[in-house]
Amino acid sequence: MPMSSGEKRQLTHAAREAKDLPCRIQPDLFFAELPQEVEQAKALCLECPLRELCLQTGIELREPWGVWGGELIERGRIIPRKRPRGRPRKNEVAA
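Quantities reported herein were computed from a predicted structural model and do not represent experimental measurements.

Draft legend 1. Inspection of the sheet that holds strand E2 (residues 71–74) at higher detail. Here three strands make up an open sheet; going across it, the order is E1-E2-E3 and the pairing antiparallel. The open sheet has two free edges, formed respectively by strand E1 (65–68) and strand E3 (77–79), since each of these has just one partner strand. Direction aside, neighbouring strands of the sheet carry axes that sit 40 degrees apart on average. Across three bridges, E2 lies against E3 in antiparallel orientation. By the bridge assignment for E3, Glu74 is matched with Arg77. Against the sheet, helix H3 (residues 35–45) contacts E1 and E2, and its axis sits at roughly 30 degrees relative to E1.

Calculation notes
Residues numbered from 1 in each chain as written. Predicted model: local features only at pLDDT ≥ 70, side-chain atom pairs only at ≥ 80, totals over all residues. Heavy atoms only, no water. Pairing = 2+ DSSP bridges. Helix = DSSP H or I, 4+ residues; strand = E, 2+ residues; numbered from the N terminus. Axes fitted to C-alpha atoms, helices over the stretch in contact; angles between N-to-C directions. Contact = heavy atoms within 4.5 Å.

No statement about biological role is implied by the geometric values presented.
Printed below as a string of structure tokens:
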């Protein structure tokens, strides 16, 4: 369910005031290249009080890439996981 404009204003103000959020402490982690680091960033978002606002903002602004609200976003769309660099395997390997 979308947030009201009042709720968004309150959360946006809270975001500006919050200095101890993981994305403020380790911003590079939320734009990591390694799939393991992307998963670590997504896990850090789980308890964030601004998670919903962050995710909505990432989608609305069509962010080019990064972890937003606990989801990996690429070109404004949620993608399930970060593929490692290089050529994909011919056969999927069980995780």
